[in-house]
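Here is how the chains run, residue by residue.
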Amino acid sequence: MAWVLAAFIGLVFVLPHLVRIATLGSYTAYTPFTAHSRSAMVFDETFLYAAEANHMLTRGGAMAYDDTWEHRDAVYPYSVVPTAVEATLAAVVRSLKLAHMMLAFVCTALSGFLLMALFRKVGAEVWLAALLAMAVLVGAFSPMTLKLDVLAFLHHAKGARVVDSLQASRMPNPAMTFLQSAAALLLLANCVRGDERPSNVLKWAAGAGLLGGLLFFSYIYYAITWAALLCLLAVASLLWRRWIPYTVWMPLGITGMLAVIFMAWKHVSIMQGNYELRAARIGLYHSHAWDPPSLEVTRFWGLQALACALVWLWLRRRRRAGSEAWHYADALMPVLLAAMMSGLVGLNMQVITGFNLQQAQHYPHMILQPVGCMMIGVLVALLVPQGRIWKIVAGAGFVLVLGLSAMAQIEAGRDTAEVHRLPAAEQTLFAWLNANTPVGSVVATNDLALSIVLPVQTHNSVLFADGSRSSATDDELMERFLLASRLLGSPPAIVATKLEGEAPASEDVQAADYSLYLFEFSEKYQRIRAERRVAPDRIDGVVRWYTSMDVPQELERFRVDYVWRKGDGAPTAVVGWRFVQVLQTNEGRLWHLIREPIS
């Protein structure tokens, strides 16, 4: 029964993909990846993780990732484990799109099953365990999305629209990495609980250390929390051995060894100058100051953890003697409380370390909310008695939450279907590039949206990339954009307009804003940090740079093999080079750039 309920959970989370395909009436025309969605889920999947997976799928290798040819060997630490999983599955099924959809089902189904197993260990029967699992996957990761999407579903005929689906299936965070983290927590709780056979405890401890240590190569926020959690438990084992056994030192040691490997990887990236550039663009900052919003989050979840701890301790005094559920809760609750404390440490770690990175966007909904919901779920499982009536109530609750979640996913799927349509012209372009160009060959276009999705859909590099996917300096990113614009003959006024970062004409479609995605949080071309657009007083200088650019000299520095131009017309002539048209669609033309032989 548990596997059947887990399958229903997985089905709910893959629903948006299925609904979009049905709405579009074509599997071929559907793409999960687009640069025009306002969804935070699609943003991360398209701008980072899918491109990384396709890079590994088409080119192999793991330690380096970059959209540009010149920086293809630039070492940079990223989510390599989930990337390798998705790329491997894509190689087996011969489709990154299909692999992405399959993982949305499999990972959430497995997470649901694992959470059910956890709650059943503390006394919940299967229907209550399924309800609590759904409460974690939906209530922890996207409670507001559920509310807004269900309301939009009920008012769809009145024009209500949404852009986000439930986030537990976002690849790879949290879909794959929460599964990995939760499995490590469950094994660690088994280790703390102990067993009559020491070999089992050692297996659990080793498994927890391996899964938890690999979080450094999966999702750094979970890794920081996991490492701090083990340190807390290790210290606790010295002070309260009755509660925490010495065996927690084994997963700490294994995690430490994997962390050293990760730090060596990071050190190479720092020495090459790649790490600081790319980390700054996604929000790395240096400060020892307390962050007021983070303090508010800390107070809320700190009080929640305290309340859960007090309720648990109060209930312990009234527990059923010899109950295995209560014995397991005595192991699980300290682990979850330590996880909450560790998440709060990570949220505010800049006070000690002097740096942090997008902590307010990651720790609350990826760590604090799931752990908080899991603690509440444990208390509910301990409190709800066995019996037919409670089984019926739990089953009805599970069906209700599952039904509401399905409504939300259906609405999200049908409202965003058109945004996920892959135009026929782009299908033709991508198919031609994959069939007729060498791996890594460079395509130039000043269409930022196309530059973003090309590395996701093809084996090609691009002349200019958004800042989070390249180790090029800010000046080089700008230079690449200007070179692409010169090859296509863009007037200086158009170049200036693109860099000014004007608001999109429609709220329904997110414009690929050059100012934002070229540099993101990097400070070089901004007036103030995090303004995320080129400062107006820098535009004139950039335009002068553009008009005086020596294109033949630039082509000696940057590899360009193909130029994509929207509409009719040819690229701008370049001395020493010639353009040969190789493809024409109803949206534009692809030109092969060939060096003229030296006479």
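Structural notes, computed from the coordinates. Given the structure is predicted, the values throughout are model-derived calculations rather than measurements.

The rules behind each value
Residues numbered from 1 in each chain as written. Predicted model: local features only at pLDDT ≥ 70, side-chain atom pairs only at ≥ 80, totals over all residues. Heavy atoms only, no water. Patch = residues over 30% accessible without salt bridge, like charges linked within 9 Å, V, L, I, M, F, W, Y side chains within 5 Å. Areas by Shrake-Rupley, 256 points an atom, 1.4 Å probe, with all protein chains shown as cover. Salt bridge = Lys/Arg side-chain N within 4 Å of Asp/Glu carboxyl O. Helix = DSSP H or I, 4+ residues; strand = E, 2+ residues; numbered from the N terminus. Buried < 20%, exposed > 50% of the residue type's maximum accessible area, 1.4 Å probe, protein only. Contact = heavy atoms within 4.5 Å. Expected span 1.5 Å × (residues − 1). Arc of directions from axis to C-beta. Phe/Tyr/Trp six-rings, centres within 6.5 Å; stacked < 30°, edge-to-face > 60°. Lys NZ or Arg CZ within 6 Å of the ring centre and 35° of its normal. Pairing = 2+ DSSP bridges. Axes fitted to C-alpha atoms, helices over the stretch in contact; angles between N-to-C directions. Parallel < 35°, antiparallel > 145°, perpendicular 65-115°, else oblique. Left-handed = near helix turned anticlockwise from the far one by under 90°. Nonpolar A, V, L, I, M, F, W, Y, C, P; charged D, E, K, R; others polar.

**A closer look at a nonpolar patch on the surface**
Then step 1. A cluster of nonpolar residues, Met1, Trp3, Val4, Phe8, Leu11, Leu18, Phe105, Val106 and Leu110, forms a patch on the protein surface that exposes about 810 Å² of accessible area.
Then step 2. For the nonpolar patch, the secondary-structure elements that each account for two or more residues are helix 1 (2–24) and helix 4 (96–121).
Then step 3. It is helix 1 that provides the largest number of residues to the nonpolar patch, a total of five residues.

**A word on the environment of Phe355**
Then step 1. In this structure, Phe355 sits in strand 2 (residues 355–357).
Then step 2. A relative accessible area of 29% means that Phe355 is categorised as partly exposed.
Then step 3. With 276 residues separating them along the chain, Phe355 and Ser79 place their C-alpha atoms 20 Å apart.
Then step 4. Once you skip the residues sitting within four places of it in the chain, Phe355 turns out to touch Leu284, Tyr285, His286, Ser287, Met349 and Gln350.

**Notes on helix 17 (residues 424–436)**
Residues spaced three or four apart along an α-helix point in a common direction, a consequence of the helix completing one turn every 3.6 residues.
Then step 1. Here helix 17 spans 18 Å end to end across 13 residues, near enough to the 18 Å set by a 1.5 Å rise per residue.
Then step 2. For helix 17, the full list of buried residues reads Ala425, Leu429, Phe430, Trp432 and Leu433. The arc that holds every buried residue of helix 17, seen down its axis, measures 160 degrees, which confines them to one face. Away from its buried face by more than 90 degrees, helix 17 exposes Ala424 and Ala435.

**Side note on the packing of aromatic side chains**
Then step 1. Scanning all chains against the criterion turns up 17 aromatic pairs.
Then step 2. Their ring planes at 75 degrees and their centres at 6.0 Å tell us that Trp432 and Tyr562 sit as a pair that is edge-to-face. Remark: Tyr562 occurs in strand 5 (residues 562–566) and Trp432 occurs in helix 17; sequence separation between them is 130 residues.
Then step 3. Residue classification places Tyr562 among the buried positions, given a relative accessible area of 5%.
Then step 4. Through successive ring pairs, a cluster of aromatic residues spans Tyr65, Tyr78, Phe216, Phe217, Phe262 and Trp265.
Then step 5. Taking the ring centre of Trp69 as reference, the NZ or CZ of Arg72 above it sits at 3.8 Å.

**Focus: the side chain of Glu411**
Then step 1. As for its position among the elements, Glu411 is in helix 16 (residues 388–415).
Then step 2. Classification of Glu411 as buried rests on a relative accessible area of 0%.
Then step 3. With residues up to four places along the chain from it excluded, the contact list for Glu411 reads Asp149, Ala152, Phe153, His156, Ala160 and Val162.

**Topic: the pattern of salt bridges**
Then step 1. The final tally for this structure, using the stated rule, is 18 salt bridges.
Then step 2. One salt bridge in this structure joins Arg480 and Glu70, with 2.9 Å as the shortest N-O distance. Residue Arg480 is located in helix 19 (residues 474–488), and its partner Glu70 is located in the loop between helix 2 (40–59) and helix 3 (80–93); the two are separated by 410 residues in the primary sequence.
Then step 3. The class of Arg480 is buried, set by a relative accessible area of 0%.
Then step 4. Under the relative-accessibility criterion, Glu70 is labelled partly exposed at 29%.
Then step 5. One salt bridge connects Glu556 with Arg595, and the closest N-O pair in it is separated by 2.9 Å. Highlighted residues: Glu556 in helix 23 (residues 551–557) and Arg595 in strand 7 (residues 588–595), separated in sequence by 39 residues.
Then step 6. One continuous salt-bridge network, built from bridges that share partners, spans Asp67, Asp466 and Arg469.

**Some details on the pairing of strand 7**
As a general feature of sheets, a regular strand has side chains that alternate between the two faces.
Then step 1. Sheet topology places strand 5 next to strand 7; five bridges connect them, and they run antiparallel. Among the inter-strand pairings, Trp564 is bridged to a residue of strand 7, identified as Leu590.
Then step 2. Here seven bridges tie strand 6 (residues 577–584) to strand 7, and the two strands are oriented antiparallel to one another. Bridge pairing in strand 7 links Arg578 to Ile594.

**Some details on the packing of helix 1 against helix 5 (residues 126–140)**
Then step 1. At a minimum axis distance of 10 Å, the contact between helix 1 and helix 5 shows a crossing angle of 25 degrees. The angle between helix 1 and helix 5 places the two elements in the roughly parallel class. Of the two elements, helix 1 crosses helix 5, and the hand of that crossing is right-handed. Contact residues: Ala2, Leu5, Ile9 and Phe13 in helix 1; Val126, Trp127, Ala130, Met134, Leu137 and Val138 in helix 5.
Then step 2. Among the residues forming the contact of helix 1 with helix 5, the class breakdown is ten nonpolar, no polar and no charged.

**A short note on unusual backbone geometry**
What you tend to see is this: most non-glycine residues have negative phi, and most peptide bonds are trans.
Then step 1. A cis geometry characterises the amide bond from Met171 onward to Pro172, with omega recorded as -10 degrees.
Then step 2. Of note, Pro172 is situated in the loop between helix 6 (143–154) and helix 7 (175–193).
Then step 3. Geometrically, the link from Asn173 to Pro174 is a cis peptide bond, its omega value of 15 degrees lying close to zero.
Then step 4. Checked against the element boundaries, Pro174 lands in the loop between helix 6 and helix 7.

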